[in-house]
Each structure stands twice: as C-alpha cells, then as structure tokens.
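# Observations on the three-dimensional arrangement
Now for the letters of each chain:
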There are 2 protein chains.
Amino acid sequence: MNRAVTLSEVAREAGVSPSTVSRILNGTARVNDTKARQVRLAIEKLGYTPNTFARSLATGASGSIGVLTPDIASPFYNDALSGIERGLMGSGYSPIIISGHWRTDEEEHAVALLLNRRVEGMIILGGQMPDHDLHALAARLPIGVLGRTIDLGAHGGASLAMDNRQSARDLVNYLIGRGHRVIGHISGPSDHADARERLDGYRDALEERGLRFDPTLVVQGDFQEPSGLIGMQRLLQSHSNMTAVFVANDQMAYGARLALYRLGLRVPDDMSLVGFDDLPGSSYTMPPLTSVRQPMGEMGQWLARYILSRLRGETIEPFEPRQELMLRESVASRRSR
Amino acid sequence: MNRAVTLSEVAREAGVSPSTVSRILNGTARVNDTKARQVRLAIEKLGYTPNTFARSLATGASGSIGVLTPDIASPFYNDALSGIERGLMGSGYSPIIISGHWRTDEEEHAVALLLNRRVEGMIILGGQMPDHDLHALAARLPIGVLGRTIDLGAHGGASLAMDNRQSARDLVNYLIGRGHRVIGHISGPSDHADARERLDGYRDALEERGLRFDPTLVVQGDFQEPSGLIGMQRLLQSHSNMTAVFVANDQMAYGARLALYRLGLRVPDDMSLVGFDDLPGSSYTMPPLTSVRQPMGEMGQWLARYILSRLRGETIEPFEPRQELMLRESVASRRSR
DNA sequence: ACTGTACCTGAAAGCGCTTTCAGATTCCAT
DNA sequence: ATGGAATCTGAAAGCGCTTTCAGGTACAGT
C-alpha cells in the first residue's frame, strides 16, 4: 500500500504553506483565488485525501455517531438503521454500527469501542443494557434510544418507544369486536419488556370486555418462527374452541401460520391470526397478516436528527410515533351467538 | 462533555513516563511489575481510555475494515454482514458499514469515505461499481467481493460468487423432472447481472431438455414483491396451460404467491412455484417455498478471514461456496401424459 | 505622502499517542 | 571485583492536521 499523500506535500507542490491548504480545504478563511486554484490543482494531481485521524485529533471532533443495534441482521431493527442513515445523510456525520447480539456484555463492549472511537453521539436500538448505564452515557454525550421507555431528561437524550401495551390492547379489542371470545396468545420471552407489555395489553383488553383471562390460553415463545409453530400446536391441542390467536410478533406468527397449514386449518376461516411489528413480509403472507406497525424508519430518522440538533445546539420539534393497526385478511368475523 | 483523560495524565499520576504507559498498554516491552501495577491503578482511577485517533495517527493502522453493502436493510445481504462480524470478532479489527443504495455515485462516495477513514481492507457486497474501480481498489488494499464474478488476481483480492446460471438451471431442471412442461419465469431487472444469469440458466435447462424457449413465458420484474404479483397475473392471463413458475428471487415469489391466492389457485396443486435466494422467511411461507440457498453468512465470514489473513501476511485455504437446492413443498409432481 | 484598517498568509505550537535512541541499572561470568 | 551483556526506562521526535498569532501587503482616508 503506497504511502498516502499528505497535506504538506500538497502545500509544497502548490508553493504555499500547509496552513493555507488547510484553510482552503475547510473554507476556514478567505484565500487568494489564484492560490486556491493552484492548491486545488495540486490536490488533483497528487490525488490527495485528508487523513481523518489527524484531523479528528487536531479538532477533537470525530464526525461519527455510534449506533448500537441488537442484531445487524434483524429485519425489525434494520428499518431503523435505514432511517438513521437517512437522517444523517448530508450532515457530514456518519454512523458507526455495531451489534450487541442481545447480550449485555457485548453491548458494553460495543459501547466502549464506540467511546474509544470518540463518537459524538450515540443511538441505542432496543437492547439489554441497564437503565443506569444509559443514564451514565447520556451524561457524557447526546444519545437517542429506540424501543425503550426511559426518561433521560431533556439534557441527556431522547427516547422513542411505542406503547406496546396499548397496541396489543387495540389488537385484541379488534379481535373481540369481530366476535372472537376464546383468544389465545403466543407471548415473547418473559424477560423481554416488549413481550411483557404485549401480554399485559392482551389481559387489559380481555378484562375490559369482561372476558376471563385464562393462563392456559397463553404459551410462551422466544420471538423466533419455530417457537410460534410449537406454540400454536400446543394451543390447538388444549383449546379446540379457540377461534383466534394473538401472536406477540410477526416472526412467531409465521411459524404459527405454518402449524395451521400443516393441520389443514384455514386462515382466517378456521382460525384468525394477528401478529405484531408488521414486518415487510407480512403484507405477503397467506393471507396477508393483520399486525401493528411501528414507524421504525421514521423513528430512526428522527433520532438521528435529534442527535444532530443537540450537537449543533439547536432544538428540534418532538416526535410522537404513532403505531398503526394494519388490518389485513387474517381475521374473520365470527357470528356472535 | 468532560475532556477525556490522556495518557500523559496517567503517566504523571503513576509517576512514570508516557512511554512506559504506552508500553504497558500495548505490551510492547517488558516493564517492571510494580510500575505496571501503579499504572494500571492510575488508569483505573482516572478512567482512562486511549484515543483511537492519536493511536492510529501514530501507528498508521486504523484497525478497521470497510464494508460496502447495497442496502443496510436488505435481508439478502444482511446475512453476509453477520458473517463478516463473526469473521472479524476477536481480531481487533472492526467493520465500518456503509450502504451504497444500489447507486454508483453513492458507492463511490462511500468508498472514498472508507478510504479517508483509512480502512485497512474492504469488503464489497454486490453493488454496481464498475470492475475497473474494483481493480484499482484491489491495488491499494486487500479487498473481498461477494456476489460478483471478477478476477482480482492473487495479489489484489478475492471474490466469492455463486453460479447463478447453474443453480437456475438445476432448479428448472428439477421442475422439468417433476413433469412440468410449460414453465413461466419472472425475471429480475435486465441490467442486473444476477438476473441475466438466472434467466440464462432457465433457458439452458429448457433447451437441454428439448423444450422450446418461449419469450412470452418470461415477464420482467424488479426483484421486489409487487412486481412478482403483477408478473404472475400477466403470466396467468396469457398462459392458461402453465403449471409452474420459476421466480428469479424469493421476494418476487412472495408477490407471485399472493397473486395466486387472490385468484384462488392452490400451490402446489394448481401451480408450482420456485424462488431463488432462500430468504429466512421462505421456510415459513404457505407452503414452504422451494428455492436455492447461497451460504451468505459463511461467505461473509470467509471474506473477513481472508482480509485478516492478507493483513497478517498469512494465507488461507480457499472457500468454495456451494449453493444448495432447498426442496420444499411448493412444487407438485405432474403426471406426465 | 502617511496613518489606520482590513485582509491574507506563514511559522509554530499542539492534538494524544508510538517508537527510536541512548542512558541507567541490573545481572552474570570470570 | 570487573567487564560486558541484558534489561528497563525516559526524552524527544514525529504521525498529519488545525489554529493561534503575528507579520506583510494593499487600500482608503486625510
């Protein structure tokens, strides 16, 4: 690898001082036009590209924003990543993305790495990190958190979370409104806040409508497809009168759907199904799956903008993410008896 | 944001010289045990973390590998990203991921950015960049390319691509073997190399089996779901005797599947369907979709390892990705008449 | 023609770290 | 004891850039 061209080489070539070249590069001060031209020529000729490290060392600004995602390959969070990219575009800042793989130790490691790289802000997507770590972080730099309810105070950071409980409640209410009375639930892991909230919403809706909460109608999964399949099988074995199932996320709903298919049960005719998260694929399942959609992309974008505004000392209008019920064809109307 | 602690502050605190602290940090040389202890204590006490920029500037090594992906939210490439993460794990190198959004200009911009950040190697996933740019890159640093057939020579880099044409051929051959004679094809965009190769494979198989290639049996999509839906509708209108469709990727196959559902056609009874790429969701479609799988994760991982080996001046055993036909339930056997 | 002002530009210091070089110690063999 | 090798440590230079500071030049006003 041929040694890179440096700024002083450009300066020598153009017959000016390094300071002048720097000024031209950054537009820090007015410079004589002919000199500027010469410098540009020299840059072109030598193929100069500035050394980011040297610059960052000198200015103390890294120009990068750290992003911690639970999983670089998660369809759910990747929408948010795209949003962050959009939000940062053209700002001069670029994201550094690391995954924590849902493990607290890896997350801490990742944050340390980002801090070493002197990111100027950080965006945390979901994750397991304890709240007080987040608070500590927020005290050091602007942070944005997605998918967790945490109060960071105005000074420290912003968090965007949707109301899982309310949405779950809406979803189950919708099921009840369509005449369903025996509604199963395949939940997420109980140590996962989102999962708990969705379960709570399920209970809320039942109680609100005067239906008894029956624990045997709830089976626990792990948010992955196979557990949805198994969960559905178990529910089916014990509850032949069940007419609808609320699955705590779309991935498990896909699994549940397959279980039904295997047993020759039709959706929605024999069984209604609703999911959660509205993954991109959910408009194309058979039939298209009713689910609830979080605007992950917009949330990511707003968080990026938020960080930028904080960095620039500006303010930004708050963002109220609104979840949306995506009513599709996986729910049938039950004749109420 | 409180100013960060520097190495010399640690040195002062521990009563040694900066050089010594540096040596302890990097294990560059033996150091008196008691001093080492003092230094560690000082580091702990002051909460020192090394400044990556200063280090990189001094050593000339950035410790990062650039990764260019077409789309940070593409389910197809994200597997490879995970693989790269795995491959780099524990190596001391970390990936910097940027997306090119399928646009040549953005890709060039991204590469420039990565170069500015002084990445020591680069991994390019798919993308539009012309071959000669890739060659130029390969001359500067070790690069790995995924999903393109390009000869970079031993010195410059490695590329991993699967044989789209052969796989498509295998897939269509499989269809023919199951008794299908009128087989439609929903292709990808014609300016996309993968798409062309898959189309070629389709023709190969037909001709090999003595079936006439009928251009009206081919409709072009754009690799997205909606175009699969439309494509299937069009095929159905013009070819009532068609019994199977080879769709150029799984995403379009999902769309095609939906079109069939809307028309009340059963898969595979009324129409057989095969896709390409074997997305994670494809084992959970209705019915599970026959497709061909590329080991994206392993390919990514190997590329990462390859870069590392090049950086260390080692060699690595070559990797021969093998595509795999995932035979599932979306294809029926036709009684041959 | 002379002073004051505005505008450009270069020298030099410094960002935080690594690394060479040479001096200072220690240790072993004789 | 004593010379030499082996080992440890600090001073200082340098990585490539930015930025302060002060000197130089050009120009307008009188």
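Above this text is the structure in question.
The structure contained in this document is the topic of the report that follows. In this text, all values refer to a predicted model and were calculated from it rather than measured experimentally. (Residues numbered from 1 in each chain as written. Chains lettered and ligands numbered in written order. Predicted model: local features only at pLDDT ≥ 70, side-chain atom pairs only at ≥ 80, totals over all residues. Heavy atoms only, no water.)

### With respect to the protein's contact with DNA strand C
The local shell around DNA strand C holds 25 residues, among which Thr20 and Arg23 of chain A together with Leu7, Ser22 and Tyr48 of chain B are the closest. Protein-adjacent atoms of DNA strand C, using a 4 Å cutoff, are sugar or phosphate at a proportion of 67%. Within the side chain of Arg30 of chain A, an N or O atom sits 2.9 Å from a phosphate oxygen of DNA strand C. Contact between DNA strand C and Asn51 of chain B: a phosphate oxygen at 3.2 Å from a main-chain N or O atom of the residue. Those elements that place two or more of their residues in the surface near DNA strand C are helix H2 (18–26) and helix H4 (52–59) of chain A together with helix H2 (18–26) and helix H4 (52–59) of chain B. Taken together, the residues of the surface near DNA strand C break down into nine nonpolar, ten polar and six charged. (Near = heavy atom within 4 Å. Polar contact = N/O pair within 3.5 Å; in protein donor to acceptor, adjacent residues only side chain to side chain. Helix = DSSP H or I, 4+ residues; strand = E, 2+ residues; numbered from the N terminus. Nonpolar A, V, L, I, M, F, W, Y, C, P; charged D, E, K, R; others polar.)

### Observations concerning the protein's contact with DNA strand D
For DNA strand D, the set of nearby residues contains 25 residues, the closest of which are Leu7, Ser22 and Tyr48 of chain A together with Thr20 and Arg23 of chain B. Close to the protein, within 4 Å, the atoms of DNA strand D are drawn from sugar and phosphate at a rate of 67%. Between Tyr48 of chain A and DNA strand D, the recorded distance is 2.4 Å, taken from a side-chain N or O atom to a phosphate oxygen. One nitrogen or oxygen atom from the main chain of Ala58 of chain B is found 3.5 Å from a base oxygen belonging to DNA strand D. Elements with a minimum of two residues in the surface near DNA strand D: H2 and H4 of chain A together with H2 and H4 of chain B. Among the residues forming the surface near DNA strand D, the class breakdown is nine nonpolar, ten polar and six charged.

### A closer look at helix H5 (residues 75–88) of chain A
All names here are of chain A. If you check H5, its first and last C-alpha atoms are 20 Å apart, about what 14 residues at 1.5 Å a residue would give, namely 20 Å. A large share of H5 lies buried, amounting to eleven of its 14 residues. Along H5, the residues classified as buried are Phe76, Tyr77, Asn78, Ala80, Leu81, Ser82, Gly83, Ile84, Glu85, Gly87 and Leu88. Positive phi appears at Gly90, one or two residues downstream of H5, with a value of about 80°. (Expected span 1.5 Å × (residues − 1). Buried < 20%, exposed > 50% of the residue type's maximum accessible area, 1.4 Å probe, protein only.)

### Section: empty space enclosed by the protein
Following the criterion strictly, the structure yields three cavities of 30 Å³ or more and no others. Size it by volume and the largest cavity reaches roughly 80 Å³. With three residues, H4 of chain A is the single largest residue contributor to the lining of the largest cavity. Its residues placed into classes, the lining of the largest cavity shows four nonpolar, five polar and two charged. Size it by volume and the second largest cavity reaches roughly 70 Å³. Phe76, Tyr77, Leu146, Gly147, Ala161, Met162, Asn164, Asp194 and Gln294 of chain B together form the lining of the second largest cavity. Of the residues assigned to the lining of the second largest cavity, the class counts are five nonpolar, three polar and one charged. (1 Å grid on protein atoms, 1.4 Å probe; cavity = no way out; pocket = protein on both sides within 12 Å on 5 of 7 lines; lining within 4 Å. Points joined across faces, edges and corners; volume = space filled by probe spheres on them.)

### Focus: the sheet that holds strand S4 (residues 143–146) of chain A
Residue and element names in this part refer to chain A. Spatially, five strands are ordered S2-S1-S3-S4-S5 in an open sheet, and the strand pairing comes out parallel. With one partner strand each, in any of the chains shown, strand S2 (94–99) and strand S5 (157–160) form the two edges of the open sheet. Shown here is a sheet whose adjacent strand axes are inclined to one another by a mean of 15°, direction ignored. Inspection of the sheet shows S4 paired to S5 by four bridges, in the parallel sense. Within the sheet, the bridge partner assigned to Val145 lies in S5 and is Ser159. In the packing of helix H7 (residues 131–140) onto the sheet, contacts are made with strand S3 (121–125) and S4, and the angle to S4 comes to roughly 150°. (Pairing = 2+ DSSP bridges. Axes fitted to C-alpha atoms, helices over the stretch in contact; angles between N-to-C directions. Contact = heavy atoms within 4.5 Å.)

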